[in-house]
Amino acid sequence: MFEGLLVFRGDGTRAYANDAAHALCRACYPRDLDHGLTLELMLPRDALPQAREAGHWSGHLSFGQGSMLLVHVYFHPAEGGSFLLLMQDLQRIRAYEQELLRRHAELNVRLTAAQEKLLQAEKLASIGQLAAGVAHEINNPIGYVHSNLGSLQEYLHSLFALIDAYERALRSPDPRAMLAEIDETRERLDIDFISRDLPQLMTESREGIERVTRIVKDLKDFSRSERDESWKLVDIHAGLESTLNIIWNELKYNTTLEKHYGDLPPVECLPSELNQVFMNILINAGQAIGERGTVRLSTGHEGDQVWIEIADSGPGIPPEAVQKIFDPFFTTKPVGKGTGLGLSISYGIVAKHHGRIDVDSTLGEGSRFRIVLPVRQPKAAA
Ligand SMILES: Nc1ncnc2c1ncn2[C@@H]1O[C@H](COP(=O)(O)OP(=O)(O)OP(=O)(O)O)[C@@H](O)[C@H]1O
Ligand SMILES: [Mg+2]
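Predicted model only: the values in this text are computed from it and were never measured.

(A) Structural context of the nonpolar core. In this structure, Ile-236, Phe-278, Ile-308, Phe-369 and Ile-371 are the most contacted members of the largest nonpolar core, which totals 35 residues. Put simply, the parts of the chain that give this core at least two residues each are helix H7 (236-251), strand E8 (267-269), helix H8 (271-288), strand E9 (293-302), strand E10 (305-312), helix H10 (342-352) and strand E12 (366-374). Ranked by the residues each element gives to this core, the list is headed by H8, at eight residues. Ignoring any residue separated from it by four or fewer positions in sequence, one finds Ile-236 in contact with Leu-264, Val-267, Leu-274, Phe-278 and Ile-308. Leu-24, Cys-28, Tyr-29 and Trp-57 belong to the second-largest nonpolar core, a separate cluster that totals 26 residues.

(B) Just the layout of surface pockets, in detail. Estimated volume of the largest pocket: approximately 1,100 Å³. Broken down by secondary-structure element, the contributors of at least two residues to the lining of the largest pocket are helix H4 (90-171), H7, H8, H10 and E12. Taken together, the residues that form the lining of the largest pocket break down as 19 nonpolar, 20 polar and four charged.

(C) Representation of the pairing of strand E11 (residues 356-362) within the structure. Where E11 meets E12, seven bridges bridge the pair, whose relative direction is antiparallel. Of the residues in E12, the one forming a bridge with Val-359 is Phe-369. Linkage of E11 to E12, two consecutive antiparallel strands, is achieved through a turn of three residues, within which Gly-364 is found at a positive phi near 85 degrees.

(D) How the structure looks around the site of ligand 1. Among the 20 residues in the neighbourhood of ligand 1, the closest are listed as Asn-284, Thr-331, Thr-332, Lys-333 and Thr-339. A distance of 2.9 Å separates an oxygen atom of ligand 1 from a polar atom in the backbone of Gly-340. The contact in question runs from an oxygen atom of ligand 1 to an N or O atom on the backbone of Gly-342, over 3.3 Å. Across the complex, the protein chains shield 94% of the 600 Å² of accessible surface that ligand 1 would expose by itself. In a pocket analysis with a 2 Å cut-off to the grid points, ligand 1 is assigned to the largest pocket. Elements supplying a minimum of two residues to the shell around ligand 1: H8, H10 and E12. Here the residues of the shell around ligand 1 sort into seven nonpolar, ten polar and three charged.

(E) The domain arrangement of the chain, seen in detail. Here the chain is partitioned into domain 1 (4-94) and domain 2 (229-382). Each of domain 1 and domain 2 was reduced to a C-alpha centroid, and the two centroids are 84 Å apart.

(F) Representation of helix H3 (residues 47-54). Burial in H3 covers these residues: Ala-47, Leu-48 and Ala-51. Down the axis of H3, the sector holding all buried residues measures 95 degrees, keeping them to one side. Exposed residues on H3 whose side chains face more than 90 degrees from its buried face are Glu-53 and Ala-54. Tucked into the core, H3 has its buried residues touching helix H2 (39-42), strand E3 (56-62), strand E4 (68-76) and strand E5 (82-89). At the exit of H3 stands Gly-55, carrying a positive phi of roughly 90 degrees.

What counts and what doesn't
Residues numbered from 1 in each chain as written. Chains lettered and ligands numbered in written order. Predicted model: local features only at pLDDT ≥ 70, side-chain atom pairs only at ≥ 80, totals over all residues. Heavy atoms only, no water. Core = buried A, V, L, I, M, F, W, Y, C linked by side-chain atoms within 4.5 Å. Buried < 20%, exposed > 50% of the residue type's maximum accessible area, 1.4 Å probe, protein only. Helix = DSSP H or I, 4+ residues; strand = E, 2+ residues; numbered from the N terminus. Contact = heavy atoms within 4.5 Å. 1 Å grid on protein atoms, 1.4 Å probe; cavity = no way out; pocket = protein on both sides within 12 Å on 5 of 7 lines; lining within 4 Å. Points joined across faces, edges and corners; volume = space filled by probe spheres on them. Nonpolar A, V, L, I, M, F, W, Y, C, P; charged D, E, K, R; others polar. Pairing = 2+ DSSP bridges. Near = heavy atom within 4 Å. Polar contact = N/O pair within 3.5 Å; in protein donor to acceptor, adjacent residues only side chain to side chain. Areas by Shrake-Rupley, 256 points an atom, 1.4 Å probe, with all protein chains shown as cover. Sits in = over half its atoms within 2 Å of the grid points. Domains from an automatic or database assignment. Arc of directions from axis to C-beta.

The structure is reproduced here in structure tokens:
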């Protein structure tokens with residue numbers, strides 16, 4: 001210990017002194033403990049009587065060169081009495097305090113640095129989460145454009161085959177005689193269907209690519225942390241239709257779609273974000289119904305609110321899972337199929353629109369997701 005510790009018997013003889021006590025006495029008094037330094041010589045005149053009487057005395061003792069001791073004297077009356085002295089070197093205490101302050105400041109600096117690191121880590125984590133969300137949103141249009149390119153390739157084969165047929169006719173001595181064969185080729189290759197489907201295919205692929213472009217732009221905006229979306233008055237049904245166009249590929253194999261559109265006023269919203277919500281919930285419905293089933297898409301208008309309801313004939317959601325479906329990364333789908341972000345992203349978007357998503361699900365019957373939105377946004381948001 002840094003403190004000097006001394007014990008004297010009632011008759012003034014010394015019973016114990018630690019090394020610090022020896023050192024302190026050597027430094028402060030003209031004699032040391034082993035060469036005539038007595039209890040009386042160490043302390044002011046009134047110290048010992050006061051300690052005998054009150055049990056305790058303490059005081060500051062000054063010496064040359066600015067050194068100062070804080071001394072506590074405790075008296076114990078048993079067995080003829082004994083004194084216990086505790087001596088503290090004030091310079092040393094001050095130096096120690098200063099050392100503590102310095103360490104405190106150093107710890108503060110380290111703490112601030114650690115906090116900054118933590119913030120950085122959180123930012124990275126949320127960028128990671130964002131990247132997963134973006135991958136999720138980009139995957140759908142890419143899949144859709146990819147499948148359209150497949151169809152396009154088939155159509156091109158057919159169209160080149162038809163060109164071949166024309167060419168053969170043109171080069172034959174009697175082109176008119178070939179007309180029947182050309183008609184037959186047209187029929188066989190379903191050219192009428194192709195000429196109807198092709199422009200639609202192109203439009204929808206273009207929409208898909210534009211969607212990806214928009215998402216990438218959104219991501220860029222986000223990384224600049226100044227998202228600049230504009231609120232628009234929008235026909236919700238148009239948004240539903242274009243969303244259905246884009247995801248139809250995902251639904252068409254197992255889904256019978258029923259539409260029950262009500263009369264809706266234009267709704268103030270961020271249209272591309274709302275479409276993302278429709279897409280997530282519709283795709284969930286399609287994935288829920290498995291082999292074959294129905295998705296009912298209905299809309300309505302009540303007071304200053306509109307609602308969009310997507311109901312499926314899937315297996316329903318167990319009551320204990322309903323609480324969790326909006327949590328990020330909650331998924332019951334196999335790895336690679338679901339990231340568990342669809343509903344959490346949707347929840348965020350609808351909340352931003354000052355709306356809500358109600359869920360009603362019965363096991364064995366199906367699930368109903370109802371998005372309720374105000375027709376107009378509160379002033380500040382818009
Ligand atoms: N219509 C539904 N019927 C039954 N369960 C559903 C339905 N919609 C959502 N769920 C449940 O909620 C979970 C979370 O849905 P969410 O859309 O957030 O993620 P995901 O579909 O699993 O993955 P992701 O959308 O990211 O591809 C689903 O895994 C599923 O268990
Ligand atoms: Mg989903």
